[in-house]
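# Structure assessment
Now for the letters of each chain:
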Number of protein chains: 2
Amino acid sequence: MQSTASISEWPETKRNLVDAGVRLMRARGFNATTVDDICAAAGVTKGGFFHYFKSKEEIAKAAVSRFSAGKSEDFREAPFRKLADPLDRVFGRLEFARKSTGGTTHLTKGCLVGMLAQELSFTHPELRGACEDSFSRMAIDFETDLAEAKAAHAPQAEFDPKEVAMLYVTIIQGSLMLAKTSKSNAVLHRNLEQFRQYLHALFGRSDRSHGKSRA
Amino acid sequence: MQSTASISEWPETKRNLVDAGVRLMRARGFNATTVDDICAAAGVTKGGFFHYFKSKEEIAKAAVSRFSAGKSEDFREAPFRKLADPLDRVFGRLEFARKSTGGTTHLTKGCLVGMLAQELSFTHPELRGACEDSFSRMAIDFETDLAEAKAAHAPQAEFDPKEVAMLYVTIIQGSLMLAKTSKSNAVLHRNLEQFRQYLHALFGRSDRSHGKSRA
DNA sequence: CGTTACATACCAACCAGTCTGTATGCAATC
DNA sequence: GATTGCATACAGACTGGTTGGTATGTAACG
């Protein structure tokens, strides 16, 4: 079975199950997704499901890992990563985050981690922990660039890169929630734009505007 | 039955049911809360429940209304509301929001609206609408002070009070989610503090620090 | 005597998880 | 290289408990 093997080496059936789990739980949440739903979506029967996962909770954990790793990879391989100046990477990340949610028309499907964090934090300790880790990694990834940018461009500034990175995660998650609720990701774009301006303020007025400024 | 009567005139049994619904759904979400749970918590039987609510979804809507109205009232009656200067009310609101979540030890129970918005936006259109309205009212309430403060203190500033108010809601919601996940509302405090500094920047450097500044 | 406000028993659907069966590959044995 | 044996990878039927909702009764009240 080898459930701890790198996910890319998992048998196809198991990957299909996890993919289906990600898709369904992302849209409906944990409780509203039945293992029969997952089986049907993956073209597998119950026998197959419980051969690979000992419980529904376990596939949820695998789904969080997979989703999380996927997003992680998207950002690790994004063009902005190659920019030499860490401050360019900071703002490049915001641009990339904005673009990766599609235009104002194309609405976001939301974040699986946010969904499960909200739904299960009080009832499923292990899932809560998995979500916490996912958020934490997302923050630390940003924090790295932020700290380098601070050292290079504003060493005397008073902000704490860790706190700013957490605010970033907060804004992303909050925005995705509001985007779902309002059926438009315009909020997400506007919030990221404001966060960008906050960063400008933190780094002093070296206005390296990557987007358009206001009319 | 008169389900549209002002909630304060509802019979006690009905209010008990809604209160129980708020408490349970706030902690476990919609799907993980059974109507039997609600009945037990309210000390009512199924018959009583379905006498007042025609479905589980309907009590969820009532719960959102009640929770929403309750929070609304908390803010409407908060001390900061009496401050003459709108900018003082702006920062006073942040202080009040911070305090109303308790100290760093006492952990937040989360926001029912955020919970249901996340869980049901894609599957229950009416609930999604109810959550959207709730967020919207929360934003507009802040927007009012913000617009007045801008007119009085920074009429030439470029920010849009509506966008800033939405960012506020975003940060609150995102923070509550991260607070649940990390089992500490320290994130919420740090995020609000940063938002306060963002507002300072928007309103120019008239440093009216209500809290302590950084060491 | 009709309406409101519940209580209780009940039901059909659903759902996570189990059990048993079976096809397939692979390795040791003859 | 045929046979045996065993593990893996599923399929599909089954189950026990749960759940939203209903049907029916009945006590109080106006």
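In the block above lies the structure referred to throughout.
This section reports on the structure supplied with the text. Here the structure is a predicted model, which is why all the values come from computation and not from measurement.

### Some points on the overall build of chain A
Scanning chain A for helices and strands turns up nine helices and zero strands. Order of helices (α) and strands (β) in chain A, N terminus to C terminus: α-α-α-α-α-α-α-α-α. Seen through its C-alpha atoms, chain A measures out along the principal axes to roughly 60 × 35 × 30 Å. For chain A, the residues scored as buried account for 52% of the 215 residues in total. Of all intrachain contacts in chain A linking residues separated by at least 6 positions in sequence, the fraction that spans at least 24 positions is 63%. Summed over all atoms, the accessible surface of chain A reaches about 9,700 Å², with 52% contributed by carbon and sulfur. In chain A, 31 positive and 26 negative side-chain charges are present, and the distance between their average locations comes to 5 Å.

### Things to note about the environment of Ala157(A)
Residues and elements named next belong to chain A. With respect to the helices and strands, Ala 157 occurs in the loop between α7 (125-153) and α8 (161-182). Using a relative accessible area of 16% as the deciding quantity, one classes Ala 157 as buried. Counting along the chain gives 46 residues from Ala 157 to Phe 203, while the straight-line C-alpha distance between them is 7.2 Å.

### Some thoughts on helix α6 (residues 112-120) of chain A
Of all nine residues that make up α6(A), nine are buried, and the element is covered over most of its length. Residues of α6(A) that are buried: Leu112(A), Val113(A), Gly114(A), Met115(A), Leu116(A), Ala117(A), Gln118(A), Glu119(A) and Leu120(A).

### Side note on the nonpolar core
Of all hydrophobic cores here, the largest spans 134 residues; its most connected members are Leu116(A), Phe195(A), Leu199(A), Leu116(B), Phe195(B) and Leu199(B). Sequence-distant contacts of Phe195(A), that is, excluding residues within four places in its chain, are made with Leu94(A), Phe142(A), Val164(A), Leu167(A), Tyr168(A) and Ile171(A).

### Some words on the protein's contact with DNA strand C
DNA strand C sits among 14 residues. The nearest are Val35(A), Lys46(A), Lys56(A), Thr45(B) and Tyr52(B). Within 4 Å of the protein, atoms of DNA strand C come from sugar and phosphate in 60% of cases. Thr45(B) places a side-chain nitrogen or oxygen 2.6 Å from a phosphate oxygen of DNA strand C. A distance of 2.5 Å separates a phosphate oxygen of DNA strand C from a polar side-chain atom of Tyr52(B). For the surface near DNA strand C, the elements supplying multiple residues, two or more each, are α3 (46-52) of chain A together with α3 (46-52) of chain B. Element by element, the count of residues in the surface near DNA strand C is highest for α3(B), at four residues. For the surface near DNA strand C, the residue count by class is four nonpolar, seven polar and three charged.

### Description of the pattern of salt bridges
Pairing of side chains with opposite charge becomes possible as their charged atoms draw close. Tallied over the entire structure, the rule returns 28 salt bridges over all chains. Notably, a salt bridge pairs Glu148(A) with Arg89(A), separated by 2.9 Å at the nearest N-O pair. Taken as a pair, Glu148(A) in helix α7 and Arg89(A) in helix α5 (residues 86-99) lie far apart in primary sequence, 59 residues in all. The exposure class assigned to Arg89(A) is buried, which follows from its relative accessible area of 10%. Where Glu193(B) meets Arg196(B), a salt bridge forms, and the shortest distance between an N and an O atom there is 3.2 Å. Here Glu193(B) and its partner Arg196(B) are both found in helix α9 (residues 186-202), three residues apart, which amounts to about one turn of the helix.

### Here's the deal with the environment of Ala139(B)
Residue and element names in this part refer to chain B. With respect to the helices and strands, Ala 139 occurs in helix α7 (residues 125-153). On the basis of relative accessible area, Ala 139 is assigned to the buried category, the value being 5%. Taking C-alpha positions, Ala 139 is 15 Å from Cys 111, a pair spaced 28 residues apart along the chain. Excluding residues within four positions of it along the chain, Ala 139 makes contact with Ala 165, Met 166 and Val 169.

Procedures and definitions
Residues numbered from 1 in each chain as written. Chains lettered and ligands numbered in written order. Predicted model: local features only at pLDDT ≥ 70, side-chain atom pairs only at ≥ 80, totals over all residues. Heavy atoms only, no water. Helix = DSSP H or I, 4+ residues; strand = E, 2+ residues; numbered from the N terminus. Buried < 20%, exposed > 50% of the residue type's maximum accessible area, 1.4 Å probe, protein only. Contact = heavy atoms within 4.5 Å. Areas by Shrake-Rupley, 256 points an atom, 1.4 Å probe, with all protein chains shown as cover. Lys, Arg positive; Asp, Glu negative; His and termini not counted. Charge placed at Lys NZ, Arg CZ, Asp CG, Glu CD. Core = buried A, V, L, I, M, F, W, Y, C linked by side-chain atoms within 4.5 Å. Near = heavy atom within 4 Å. Polar contact = N/O pair within 3.5 Å; in protein donor to acceptor, adjacent residues only side chain to side chain. Nonpolar A, V, L, I, M, F, W, Y, C, P; charged D, E, K, R; others polar. Salt bridge = Lys/Arg side-chain N within 4 Å of Asp/Glu carboxyl O.

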